[in-house]
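Coordinate inspection notes
Residues per chain, in single letters:
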Amino acid sequence: MAFGQFAFLTSLGAHGRILAPLDNLSRLRDTASGLVILALLVAKQRYALGIATLVIALIPFGDMLMVLRWDGSAGAAFGIHGLTALLVAVTGALPIRERSVAKGAAVPAV
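All of the points below concern the structure found in this document. Here the structure is a predicted model, which means the values were calculated and not measured.

Describing the overall build of the chain
- For the chain, the count of helices and strands is four helices and zero strands.
- Among the 110 residues that make up the chain, the fraction classed as buried is 21%.
- Contacts in the chain between residues far apart in sequence, at least 24 positions, make up 47% of those at least 6 positions apart.
- Accessible area of the chain: about 7700 Å², with a carbon and sulfur share of 71%.

Written as structure tokens, this is what we have:
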């Protein structure tokens, strides 16, 4: 197997050969997600960045469900993918909260 492929694929035998193409798809998915984040950062679209990050938080959540579905380690599923989904969601909520706090703040007199 090539470097970087899912470690659990080697222990799945025939299932591993079936799931191996998913590894390539996940690389493409992760690269595209990163480019979306970079584009929004460059465009200085903080609110849209927050929304996109919240949506992107669904990716590690889906990975967690996939690990659980294929009888992977529950500790790894929740500890790696679940925690990642939570941290990405919190990170996405920050720019959204920042905008709502800024709307409620009084503008200082000049």
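As for the packing of helix α2 (residues 46–56) against helix α3 (residues 58–69)
- Running from N to C, α2 and α3 cross one another at 5°; their axes reach a closest spacing of 5 Å. When the axis of α2 is compared with that of α3, the two are roughly parallel. Contact residues: L54, V55 and I56 in α2; L58, I59 and P60 in α3.
- Taken together, the residues of the contact of α2 with α3 break down into six nonpolar, no polar and no charged.

Regarding the pattern of salt bridges
- Counted according to the given criterion, the structure contains three salt bridges.
- Here D63 makes a salt bridge to R29, at a shortest N to O gap of 3.0 Å. Within this pair, whereas D63 is found in helix α3, its partner R29 is found in helix α1 (residues 14–42), the two being separated by 34 residues in sequence.
- Look at D63 and you get buried, because its relative accessible area is 16%.
- On the accessibility criterion, R29 (27% relative accessible area) is partly exposed.
- In this structure, the salt-bridge partner of R46 is E98, at a minimum N-O distance of 2.8 Å. Taken together, the residues R46 in helix α2 and E98 in helix α4 (residues 74–104) connect sequence positions 52 residues apart.
- A relative accessible area of 40% places E98 in the partly exposed class.
- One network of salt bridges, with partners in common, ties together R29, D30 and D63.

Examining the side chain of T53
- Within the secondary structure layout, T53 lies in helix α2.
- Side-chain polar atoms of T53 contact the backbone oxygen of L49, separated by 2.6 Å.
- If we skip the residues at most four places from it in the chain, T53 touches I37, V88, T91 and G92.

Thresholds, definitions, all that
Residues numbered from 1 in each chain as written. Predicted model: local features only at pLDDT ≥ 70, side-chain atom pairs only at ≥ 80, totals over all residues. Heavy atoms only, no water. Helix = DSSP H or I, 4+ residues; strand = E, 2+ residues; numbered from the N terminus. Buried < 20%, exposed > 50% of the residue type's maximum accessible area, 1.4 Å probe, protein only. Contact = heavy atoms within 4.5 Å. Areas by Shrake-Rupley, 256 points an atom, 1.4 Å probe, with all protein chains shown as cover. Axes fitted to C-alpha atoms, helices over the stretch in contact; angles between N-to-C directions. Parallel < 35°, antiparallel > 145°, perpendicular 65-115°, else oblique. Nonpolar A, V, L, I, M, F, W, Y, C, P; charged D, E, K, R; others polar. Salt bridge = Lys/Arg side-chain N within 4 Å of Asp/Glu carboxyl O. Polar contact = N/O pair within 3.5 Å; in protein donor to acceptor, adjacent residues only side chain to side chain.

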